[in-house]
Amino acid sequence: MATSLIPLSSSFLQPLKFKTLAKPRTPNLTTTRKITTTCDSQNKNTGASSNPSSRNPNFQKRRKSSKYGTSRRSILKKSFLQEQVTFTARVSEDPQVAIIGGGMAGLVCALNLEARGVKSTVFDTGIHGLGGRLGTRFVEPQGLVFDHAAQFFTADDSRFIQYVDGWLEKGLVREWKGAVGDLEVGGSFSQFPPSSPPRYIAVNGMRSLADSLLLESRLANVVRPCWISKLEPLNGMWHLSENGTPRGQFDVIVIAHNGKCANRLLSSSGLPLVAKQMKKLDLSSIWALLAAFDDPLPTVNFEGAFVKGVESLSWMGNNSAKLGNGGTPHCWTFFSTATYGKQNKVPQENIPTVTSEKVRAGMLQGVEIALGLPEGSLPKPVYTRLQLWGAALPKNTPAVPCIFDPQGRAGICGDWLLGSNLESAALSGEALGNHIADYLQNSEANPEEFAIGLHDRPSPLAGHDIGQFPGLTSVGEKQEAEAYQLL
């Protein structure tokens, strides 16, 4: 088995046709001025001429602010109005790259930058650890362990297989050989065929893989928990801050996360093309219910199952069996369908009690239906925790390995650029890391030659409600594909 963790070739990007950016309006400046929007509390000019209510006592606001914060429409307006930042000064002799987001894509980007001799700093909001969708929750003192995001992964691309081989050799991951398959309503379970590709899990929960990737790094730093709230171009560098607190100056920035937080961060950054591409991303919402039971669930003869025909349930996985944590309680992760998530979507930072009670009851009832149990017969869990992944998984993709704006020295990496799985995330991070290194180490080249992914249109993305698993097909899907080939 190959043991190299870092494939150094950047040939992955060579076949792509580079697209050029429009020329900046003021090419002699380090950065162009960008249009920003300030709220009333930030406006220092309180004269009558700028305050409609002072001129007209009957003036009323025509539009109420969103009770959930900045509206998507206002973010879009800011993003499309801002002017393009254009750096003309040479990059530093010892360039520094800021990576905002510590999921698989951001971490692999940092690894590949290090392999090319480029320093980076990974900023992540995780309180307990890194990982993004590689999330594991530990509940003490009960000793409960739940993978509450990614459940497992497969490897299909030879470049990603190199990473997996290295992780296997280091003991970071292992093959999950438990029974996994499809579960039809009523408890009919069909295990995936022996010819299915290996399924991999991290040995101590998925988060342990993410936390281990940069432990031996000498050129990549990790700062967490840190919520980068502002990007400001100044004097040829990107200045990052967290709620007013400076977090450093960098030559290049990488956005390795998505959703509304990424959109807000980019809305007044001076990167309209990058922001526009990020806003094309459509994300699903998924409810995750973590539940621990003293007794095994009735009729269950599997460790993981994709549930078919139940609106409130798309997946159920036994963490205790998967991770080899024998004994009790039995820790299960249940995921809703994307449809159910959309129907019951609320602000994930403040879930109303009535919604949480409804969803919890609906998902547990879905477990009964899937297993074919009489109503009310499911054992009562001794522990439950409900979480809404409001920006769970991508529903569309531009099918490019990464996005990079050489004028603004900014890029994007993430699974959504290629698919909806761990493999796509790693390949995207690898591509952007190598691409940035190429850009930094070819200072004499025309910067516009390094523009990539700034105008590609996304197309719908197929897969399970909890993501894609390259090479994994059920018995029914395999028979259907074989029958189609015979036509």
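Rules behind the numbers
Residues numbered from 1 in each chain as written. Predicted model: local features only at pLDDT ≥ 70, side-chain atom pairs only at ≥ 80, totals over all residues. Heavy atoms only, no water. Helix = DSSP H or I, 4+ residues; strand = E, 2+ residues; numbered from the N terminus. Buried < 20%, exposed > 50% of the residue type's maximum accessible area, 1.4 Å probe, protein only. Contact = heavy atoms within 4.5 Å. Areas by Shrake-Rupley, 256 points an atom, 1.4 Å probe, with all protein chains shown as cover. Salt bridge = Lys/Arg side-chain N within 4 Å of Asp/Glu carboxyl O. Pairing = 2+ DSSP bridges. Axes fitted to C-alpha atoms, helices over the stretch in contact; angles between N-to-C directions.

- Per an unreviewed UniProt entry, the recorded name for the protein chain is FAD/NAD(P)-binding oxidoreductase family protein, and the organism is Brassica carinata.

Focus: the overall build of the protein chain
Piece 1. A count of helical and extended segments in the protein chain gives 12 helices and 22 strands.
Piece 2. Each of the 487 residues in the protein chain was classed as buried or not, and the buried ones make up 52%.
Piece 3. Restricting the contact set of the protein chain to residue pairs at least 6 apart, pairs at least 24 apart contribute 75%.
Piece 4. When the accessible surface of the protein chain is summed, it comes to about 23,400 Å², and 49% of that surface belongs to carbon and sulfur atoms.

Regarding the environment of G171
Piece 1. For G171, the position within the fold is in the loop between helix 4 (158–170) and strand 5 (173–175).
Piece 2. For the pair G171 and V203, spaced 32 residues apart in sequence, the C-alpha separation works out to 7.5 Å.

Regarding the pattern of salt bridges
Piece 1. Using the criterion set out here, one finds 11 salt bridges in the structure.
Piece 2. Notably, a salt bridge pairs K322 with D147, separated by 2.8 Å at the nearest N-O pair. Placement of K322 in helix 8 (residues 319–323) and of D147 in strand 4 (residues 144–147) is noted, with a sequence separation of 175 residues between them.
Piece 3. The class of K322 is buried, set by a relative accessible area of 3%.
Piece 4. For D157, the salt bridge identified is with R159, shortest N-O distance 2.8 Å.
Piece 5. The class for R159 is buried, based on a relative accessible area of 18%.

Concerning the pairing of strand 14 (residues 286–293)
Piece 1. Taken across its eight residues, strand 14 has eight buried, putting it largely inside the fold.
Piece 2. Residues of strand 14 alternate between two faces, with I286, A288, L290 and A292 on one and W287, L289, A291 and F293 on the opposite face, all of them buried.
Piece 3. Of the strand pairs in this sheet, strand 14 and strand 18 (residues 383–389) are connected by seven bridges, and their pairing is antiparallel. If you follow I286 over to strand 18, its bridge partner there is W389.
Piece 4. Pairing between strand 14 and strand 17 (residues 330–335): six bridges, direction antiparallel. In the sheet register, L290 faces strand 17, and the bridge partner there is T333.

What about the sheet that holds strand 2 (residues 119–123)?
Piece 1. The mixed open sheet is built from six strands, whose spatial order is 9-2-1-13-21-20. Looking at strand neighbours, the two that pair on one side only are strand 9 (220–223) and strand 20 (403–405), the edges of this open sheet. Each adjacent strand pair in this sheet contributes to an overall mean axis angle of 20°, direction not counted.
Piece 2. Here strand 13 (residues 252–255) runs beside strand 21 (residues 410–412); their pairing, made up of three bridges, is parallel. When the sheet's bridge partners are listed, I253 is paired in strand 21 with A410.
Piece 3. Running over the sheet, helix 3 (residues 104–115) touches strand 1 (96–100), strand 2, strand 9 and strand 13 and is turned about 165° from strand 1.

Focus on the side chain of H148
Piece 1. Relative to the elements of secondary structure, H148 occurs in the loop between strand 4 and helix 4.
Piece 2. Ignoring anything within four residues of it in the chain, the contact list for H148 reads G135, T136, R137, A288, L290, T333, F335, Q387 and W389.

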